[in-house]
Amino acid sequence: MDWLQVVILSIVQGLTEFLPISSSAHLILVPVLTDWQDQGLAFDVALHLGSLSAVVIYFRGELVRMARSCLGSLAGGGVDGDARLAWWVILATLPVCVVGLAFHDAISVGMRSPVIIAFGLIVFGLALAWADWGHRGSRDEYQLTLRDALVIGLAQALALIPGTSRSGITITAALLVGMSREGAARFSFLLSIPVIVLAGGMETLGLIREAAEVEWFTLTVGTLLSGISAYLCIHFFLAFIKRVGMQPFVLYRLLLGAWLLWLFW
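These remarks concern the structure in this document.

Thresholds applied
Residues numbered from 1 in each chain as written. Predicted model: local features only at pLDDT ≥ 70, side-chain atom pairs only at ≥ 80, totals over all residues. Heavy atoms only, no water. Helix = DSSP H or I, 4+ residues; strand = E, 2+ residues; numbered from the N terminus. Rg over C-alpha atoms; globule rule 2.2 N^0.38 Å. Buried < 20%, exposed > 50% of the residue type's maximum accessible area, 1.4 Å probe, protein only. Phe/Tyr/Trp six-rings, centres within 6.5 Å; stacked < 30°, edge-to-face > 60°. Core = buried A, V, L, I, M, F, W, Y, C linked by side-chain atoms within 4.5 Å. Contact = heavy atoms within 4.5 Å.

### Quick word on the overall build of the protein
Then, number 1: Looking only at helices and strands, the protein features eleven helices and zero strands.
Then, number 2: Starting at the N terminus, the α and β elements of the protein follow one another as α-α-α-α-α-α-α-α-α-α-α.
Then, number 3: Scaling as 2.2 N^0.38, a compact globule of 265 residues should have a C-alpha radius of gyration of about 18 Å, and the protein matches this with 18 Å.
Then, number 4: Counting only C-alpha atoms, the protein reaches 55 × 40 × 35 Å along its principal axes.
Then, number 5: Here the protein holds 265 residues, and the buried ones make up 49% of them.

Structure follows, in structure tokens:
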């Protein structure tokens, strides 16, 4: 890869991992606009590592408290708000794990067409608009119930459909159960941690099987750029939605979906 490709792909990954606009759509979009070849599995792993590092660093305080309280609850110390949140993150991750393991090959092979991605962008973008306009509440992530966590977790499994957006569908579900915009986004970001770990782990296993030559300097730069762009994305996204809401992202999804339909249908 040349350095322009490294920079653009790293920044695109860092931004689209957390914005509700679908990273899979943009992985289609970049090759459409360029003549670049596939970046390879090793680079994908590096970009996921950058995104994971960003969300862990951003939420480091909450994660330490959650881990400490969760372990304490296992030792019989009772369940406080941090322990409960940790258990809700674990519970809400289970559906996407089950569906991903059961249907990974069918989804990765049979549902990667730009037309499916376009419909995913449009349909789930409208769902996000509906949830943001008429159903959001004022609860934060510490006020979630077991039922809420199950609903959001089941919704996250839909993110395996290209064009849906993992952050978009989890924020939509969280808004529908009465969370605030910031609370919905924060819980969505916390949910991304186990998902990125699992996805990165699967890619790493594939990389080990390939035993391909690795360009460590390129991977390091990609990891850093992805991490920096993801961290800034999280920070400014939380501030932006508090003032403006989700509608600019909905409009972007609709326009991108319509453009993909125009190109490929």
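### Here we look at the packing of aromatic side chains
Then, number 1: What the rule picks out here adds up to nine aromatic pairs.
Then, number 2: On the numbers, 6.3 Å between centres and 50 degrees between planes, the contact of Phe59 with Phe189 is tilted. Of this pair, Phe59 sits in the loop between helix 3 (41–58) and helix 4 (60–74) while Phe189 sits in helix 9 (residues 181–210), placing them 130 residues apart in sequence. Comparing Phe59 with Phe189, the two get one shared label, buried.
Then, number 3: Seen from their ring centres, Phe119 and Trp265 are 5.5 Å apart, and the 75 degrees between their planes marks the pair as edge-to-face. Of this pair, Phe119 sits in helix 6 (residues 114–134) while Trp265 sits in the segment after helix 11 (247–264), placing them 146 residues apart in sequence.
Then, number 4: Grouping aromatic residues by their ring pairs yields a cluster made of Phe18, Tyr58, Phe59, Phe189, Tyr231, Phe237, Phe240 and Phe249.

### Looking at the nonpolar core
Then, number 1: Formed by 46 residues in total, the largest nonpolar core has its most connected members in Ile152, Phe187, Phe189 and Phe237.
Then, number 2: The element contributing the most residues to this core is helix 9, with eight residues.
Then, number 3: If we skip the residues at most four places from it in the chain, Phe189 touches Phe18, Val55, Phe59, Ile234, Phe237 and Leu238.
Then, number 4: Within the second largest apolar cluster, eleven residues are counted, among which are Val12, Phe43, Leu207 and Leu219.

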